[in-house]
Amino acid sequence: MTERTKKEKKGRRFKTRTTMALATTYKVVLGSIAFAIFWALAVFPAVPLLPIGRTAGSLLGATLMVLFRVITPDEAYAAIDLPILGLLFGTMVVSVYLERADIFKYLGNLLSWKSKGAKDLICRICLVSAISSAFFTNDTSCVILTEFVLKIARQHNLPPHPFLLALASSANIGSSATPIGNPQNLVIAVQSKVSFGDFLVRVLPAMLVGVSVNALILIIMYWRLLSVHKDEEDGTGEIVGEDDVSSHRFSPATMSHISASNSMDHVQSSPNNINGSLATHLDSIRNRINSGDQLESQRSPCGSIDSNDISTPAQFSEEKESKTEHWKNKMWKLCVYLVTIGMLVALLMGLNMSWTAITASLALIVLDFKDARPCLEKVSYSLLIFFCGMFITVEGFNKTGIPSTLWNFMEPNAKVDRVSGIAVLAVVIILLSNVASNVPTVLLLGGRVAASAAAISASEEKKAWLILAWVSTVAGNLSLLGSAANLIVCEQARRAPHLGYTLSFWNHLKFGVPSTLIVTAIGLTLIR
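Keep in mind it's a predicted model, so treat the numbers as computed, not measured.

## A closer look at the overall build of the protein
Looking only at helices and strands, the protein has 26 helices and zero strands in total. The 528 residues of the protein split such that 49% are buried. A sequence separation of at least 24 residues applies to 79% of the contacts in the protein between residues at least 6 apart. In the form shown here, the protein has an accessible surface area of approximately 25500 Å², with 64% of it arising from carbon and sulfur atoms.

## Describing the packing of aromatic side chains
According to the stated counting rule, one finds seven aromatic pairs in the structure shown. Ring geometry for Phe35 versus Phe397: centroids 4.2 Å apart, planes at 10°, classification stacked. Here Phe397 lies in helix 20 (residues 381-399) and Phe35 lies in helix 2 (residues 25-43), a separation of 362 residues in the sequence. Neither Phe35 nor Phe397 differs from the other in exposure class; each is buried. For the ring pair Tyr97 and Trp332, a centre distance of 6.4 Å and an interplane angle of 55° mean the geometry is tilted. Taken together, the residues Tyr97 in helix 5 (residues 82-100) and Trp332 in helix 17 (residues 313-348) connect sequence positions 235 residues apart.

## With respect to the environment of Met65
Take Met65: it is sitting in helix 3 (residues 53-67). Distance in space between the C-alpha atoms of Met65 and Ala34 is 6.2 Å, their sequence separation being 31 residues. Beyond its immediate sequence surroundings of up to four residues, Met65 is in contact with Gly31, Ala34, Phe35, Val70, Ile71, Ile392, Thr393, Gly396 and Phe397.

## Some remarks on the nonpolar core
Judged by nonpolar contacts, the single largest core of 137 residues is most densely connected at Tyr97, Phe163, Phe387 and Trp470. With twelve residues, helix 11 (residues 196-221) is the largest single contributor of residues to this core. Not counting residues up to four positions away in its chain, the partners in contact with Tyr97 are Trp332, Val336, Leu364, Ile365, Asp368, Ala372 and Cys375.

## Section: a nonpolar patch on the surface
Taken together, the side chains of Met331, Leu334, Leu338, Ile341, Val345, Met349 and Leu351 make up a nonpolar region of the molecular surface, amounting to roughly 690 Å² of accessible area. Inspection of the secondary structure assignment puts Ile341 in helix 17. Here Ile341 falls in the partly exposed class, since its relative accessible area comes to 48%.

## Examining the pattern of salt bridges
Charged atoms that come close allow side chains of opposite charge to pair. In this structure the tally under the stated criterion is nine salt bridges. Put simply, Asp198, Arg202 and Lys462 are held in one network by salt bridges that share partners.

## Here's the deal with the environment of Leu87
Positionally, Leu87 belongs in helix 5. Judged by relative accessible area, Leu87 falls into the buried class, the value being 0%. In sequence terms Leu87 and Ile180 are 93 residues apart; their C-alpha atoms lie 8.1 Å from each other. Every residue in contact with Leu87, bar those within four places of it in the chain, is listed here: Ile180, Leu186, Met353, Ser354 and Ala357.

## Remarks on the side chain of Asn477
Within the secondary structure layout, Asn477 lies in the loop between helix 24 (458-474) and helix 25 (484-495). Setting aside residues up to four positions removed in sequence, Asn477 forms contacts with Ala168, Ser169, Asn172, Ile173, Asn486, His508, Gly512 and Thr516.

## What to know about the packing of helix 9 (residues 161-175) against helix 11
Between helix 9 and helix 11, the least distance of the axes is 10 Å, while the angle of their chain directions is 165°. The angle between helix 9 and helix 11 falls in the class roughly antiparallel. Here the hand of the crossing between helix 9 and helix 11 comes out right-handed. On helix 11, the residues touching Pro162, Leu165, Ala166, Ser169, Ser170, Ile173 and Gly174 of helix 9 are Met207, Gly210, Val211, Asn214 and Leu218.

## A few points about unusual backbone geometry
The bulk of non-glycine residues show a negative phi, and the bulk of peptide bonds are trans. Phi is positive for Arg69, close to 60°, though the residue is something other than glycine. With respect to the element layout, Arg69 can be found in the loop between helix 3 and helix 4 (73-79). Residue classification places Arg69 among the exposed positions, given a relative accessible area of 65%. Its identity is not glycine, yet Asp102 carries a phi of approximately 65°, on the positive side. When you line up the elements, Asp102 lands in the loop between helix 5 and helix 6 (103-112).

## Some points on the confidence of the model for the protein
Here the protein shows a mean pLDDT of 79. Residues at 70 or above account for 78%. For residues 3-18, every residue scores under 50 in pLDDT, and the model assigns this stretch 22 contacts once sequence neighbours within four places are set aside. Predicted confidence for residues 229-310 stays below pLDDT 50, and this span has 80 contacts to residues more than four positions away or in other chains.

## Details of the side chain of Thr400
Here Thr400 lies in the loop between helix 20 and helix 21 (402-410). Here Ile402 takes part through its backbone nitrogen, which lies 3.4 Å from a polar atom of the side chain of Thr400. Residues contacting Thr400, with those up to four places away along its chain left out, are Ala21, Leu22, Ala23, Lys27, Val28, Gly31 and Val70.

## Some details on the packing of helix 20 against helix 23 (residues 438-454)
Running from amino to carboxyl end, helix 20 crosses helix 23 at an angle of 45°, the nearest separation of the two axes being 10 Å. In terms of axis orientation, helix 20 runs oblique to helix 23. Helix-helix and strand crossings are classified by hand; for helix 20 and helix 23 the assignment is right-handed. Between helix 20 and helix 23, the contacting residues are Phe387, Met390, Phe391, Val394, Phe397 and Asn398 on the first element and Val439, Pro440, Leu443, Leu444 and Arg448 on the second. Among the residues forming the contact of helix 20 with helix 23, the class breakdown is nine nonpolar, one polar and one charged.

Conventions we followed
Throughout this description, residue numbers start from 1 for each chain and increase along the sequence as written. Under the rules for a predicted model, residues below a pLDDT of 70 receive no local features and side-chain atom pairs below 80 are neither given nor counted, while totals for whole chains, interfaces and linings still include all residues. Note: side-chain values were computed over all heavy atoms of the structure, leaving out hydrogens and water. Runs of E in the DSSP output that reach at least two residues are strands. Runs of H or I that reach at least four are helices, and both are numbered from the N terminus. Working definition: with a 1.4 Å probe on protein chains only, accessible area under 20% of the residue-type maximum means buried, over 50% means exposed, and in between means partly exposed. Whether two residues are in contact is decided by their heavy atoms, any of which lying within 4.5 Å being enough. Here the open area of atoms and residues is found with the Shrake-Rupley method and a 1.4 Å probe, where only the protein chains shown may cover a residue. For Phe, Tyr and Trp, where Trp contributes only its six-membered ring, two rings pair if their centres lie within 6.5 Å, and the inter-plane angle classes them as stacked under 30 degrees, edge-to-face over 60, or tilted in between. Buried Ala, Val, Leu, Ile, Met, Phe, Trp, Tyr and Cys residues that are joined via side-chain atoms within 4.5 Å together make up what is termed a nonpolar core. Each patch is built from residues that are more than 30% exposed by relative accessible area and take part in no salt bridge. Like charges join if they lie within 9 Å; nonpolar side chains (Val, Leu, Ile, Met, Phe, Trp, Tyr) join within 5 Å. By definition, a salt bridge exists where a carboxyl oxygen of Asp or Glu is found within 4 Å of a side-chain nitrogen of Lys or Arg. The axes used here are C-alpha line fits, helices contributing only the stretch in contact, and every angle between their N-to-C directions lies in the interval 0 to 180 degrees. Comment on the angle field: the value is read as roughly parallel under 35 degrees, roughly antiparallel over 145, roughly perpendicular from 65 to 115, and oblique elsewhere. Each helix crossing is assigned a hand: it is left-handed if the near helix lies turned anticlockwise from the far helix by less than a right angle, otherwise right-handed if that turn is clockwise. A residue's pLDDT is simply how confident the predictor is in it, with values from 0 to 100. Two N or O atoms form a polar contact when they lie within 3.5 Å of each other; inside protein one atom must be a possible hydrogen donor and the other a possible acceptor, and for residues adjacent in sequence the pair counts only when both atoms belong to side chains. Charged means Asp, Glu, Lys or Arg here, nonpolar means Ala, Val, Leu, Ile, Met, Phe, Trp, Tyr, Cys or Pro, and polar covers whatever is left, Gly included.

Below, the structure is given as structure tokens:
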């Protein structure tokens, strides 16, 4: 089968889905109810009447679609996209091992290394957040870097909110550059068959310019705050040490609500943890006392200690063993970085993204040469389940014919070969991403936008997918509820020990609206 034949077949499939008529009134009403329940719990997971959370909400929506006979059980299973789940699982495992290899500690130290003031810090935060989000996902970067950013703001005696806005907004913009930067890009990459390298080359210029413009908007809006001189007693050296890094290790399984207070609650609810730490402390005291008695017994009559007696062979053996462990740890970190680089090279070469990520994760598990259960337990299985439920729910909503009817109404004014059409499409994506969230927006619009563009040309189809990726991602900066990364930064900042700060909805909105509109418009001119 030729490439042209494949394109025509793909276009016919999309066209059939696009022109789907409304289903029976029974399916339309019940399917809309099921989707509305899913939407409400996905956007507001703590709804007072049903506070069951996003994951359970997606499963409830999927189950209702089947119980209401909007879709059959076989259609529900077929709606689950296994390549997307495989790619998501693989990248999460790689992120866990990268975090163990201290990659985020080095990124945090980079933020404060030879800093030249508040405006320089804003630019650094924007750059580091964008680059780390492109390769380690925006949610992961926000989980790790929020506390670093709060410490930087505290050191320079500055209000934290410009720095928190820089972190969250740049994480969203940066994640648009690669298929592994955020969940909606994963969906687009798998459905569109756009290669990793092609995706990166076409979106990277827009991302770099977008991050620069975003930093400039921040500096202009908060010029007076960022011009305040820090107190003389504040130091200028590195603010983040290894102890600080180890104090807030992350777990992707709880990245949407991880906090220091959660860990304190866990300690308070587990007396055994406290008893264990007390026992360890008492043992260390006993060891010090015993070692003191031994030294006392070794003293000479004149009260001096024989140095030959102190340096025992056992101590030399321990020192040698610690040096060996040190070098083993260094080599293991190097292997983690090399495997990650190899994964990125394989993705750039166009290999299957799902199996490349899974292979890289298994390579790290084997190289670790330990029981992988602790690391695998950090994978966000709740997110994988959420995706399964969302796939089924969105497929059921598609079966009602409502999305197709609305798209048929908008399609004549949303052609990607015209500037006005791109503008209309961008506005629709921004609004829908902030109302229904970006991943459901991509699932609802992706095939329809691609079919409309494929009717023009194959190049326009690829451009349509990339426009969808860019706009749906940057749209997350519009409001605090626009993306999970924003909520993560807000929650992490609020619960940070001794550094707590609440980023308000309005503080975010007055920056988010101009930033989103300007960055989106500039990026659309650069995507080809």
